[in-house]
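What follows is each chain in one-letter form.
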Amino acid sequence: MHERVSIHQNPTKEERGLIESQLTLHGLQATGGRMHFPCMEGPGLALKLSIRGPSGEIAGAVTTSSVLGVMWLEVLWVADEFRRRGLASWLVLEAERIAHERGCVGAGTWTFNWQGPEFYPTIGYQLRGIYDGYPFGVTEYVLAKRLPDVMSARAAQEKIAQNKDDGFALVAEPTEDDMRRVYRGFHEFCACNAGEEMDYPDVSLSLALKDEAGRVVGGLTAFPTIRNMVLESVWIDERYRGRGNGRRLLLEAERIAKQAGCSAVSTHCLSFQSPDFFRKLDYATYGVVDVAVDGHTENLLIKRL
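Residues numbered from 1 in each chain as written. Predicted model: local features only at pLDDT ≥ 70, side-chain atom pairs only at ≥ 80, totals over all residues. Heavy atoms only, no water.

Enquirer: Please explain the state of the cysteines as it appears in this structure.
Expert: Two cysteines whose sulfur atoms are joined by a covalent bond form what is called a disulfide. Inspection of the entire model under this criterion finds 0 disulfides. Distance from the sulfur of Cys269, which forms no disulfide, to the nearest cysteine sulfur (Cys262) is 20 Å. (Disulfide = S-S within 2.5 Å.)

Enquirer: When you look at the environment of Glu196 in this model, what are you seeing that I'm missing?
Expert: The residue Glu196 is located in the loop between α5 (176–194) and β9 (205–210) in this model. Judged by its relative accessible area of 77%, Glu196 falls in the exposed class. (Helix = DSSP H or I, 4+ residues; strand = E, 2+ residues; numbered from the N terminus. Buried < 20%, exposed > 50% of the residue type's maximum accessible area, 1.4 Å probe, protein only.)

Enquirer: Would you take a moment to explain the pairing of strand β3 (residues 58–67) for this structure?
Expert: Side-chain positions along a regular strand alternate between the two faces of the sheet. Of all 10 residues in β3, 9 are buried, a share of seventy percent or more. As defined by bridge partners, strand β2 (residues 48–52) adjoins β3 across 5 bridges and the pair is classed as antiparallel. Bridge pairing links Arg52 to Ile58 in β3. Pairing geometry for β3 and strand β4 (residues 70–78), over 8 bridges, is antiparallel. Note on β4: the bridge partner recorded for Ala61 is Trp77. Here β3 folds back onto β4, and the loop between the two strands holds 2 residues, one of which, Leu68, carries a positive phi near 50°. (Pairing = 2+ DSSP bridges.)

Next comes the structure, spelled out in structure tokens:
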């Protein structure tokens, strides 16, 4: 007879930490310790690069992370007055150069339709999927490419040289004040385009699966954006797998998301994280990213509510 388990909302900070650590451990075991390659732990290759303008002002910046040898662009921002000069290309291509030197074999990004998805193909990125689960005509593009990309780097050299002649300079270690300006500018741009919908609904979704003794044996976390719930993590202790517990957690999360006003749930699931589990629960694949080390792929999944 199986031990009874129950689902609890809003687990404690310590319980959430346990769920996260167990998910991290599973990832490390499944990838031979290469989950955040070329680094040993999350967020992986955390680069920060900026560009200063002729008067010393912050003109733009990029930040990154990495998973399985893929450098992911986290924030890319250029001040309004310095756009269309090739500064974004300079930042991204320099981040790619450093990432490849340290072992990355691919690069990727997520970008909304109002963030200029047409920019990335000009520097070698290829479309891997379009997420259309948002309301109001909002879409999100997933693009990726393999590294090194010698052709794109070579093609950008003339503009980079011109920007240097005009007094722009790349900064390998931006100050904290510079990065605060960058994050503020980035969030202002997002708020200008998405408004209050960016963080709607204002609901935290965190679930814990507990046994009869109150021990955490599974969990799920997710965050909202533009009436969409993005699954961050789903973990079930090995002893409790194959009993429908993952299904119960996911269906409860979907119920809460729908009740809060979400129109869809999305997740991106690595090849060793059982993408078929989601497909059996009516999640559809809208794209695949295939530029990681060791043949790993990332499945992009959506379920409309």
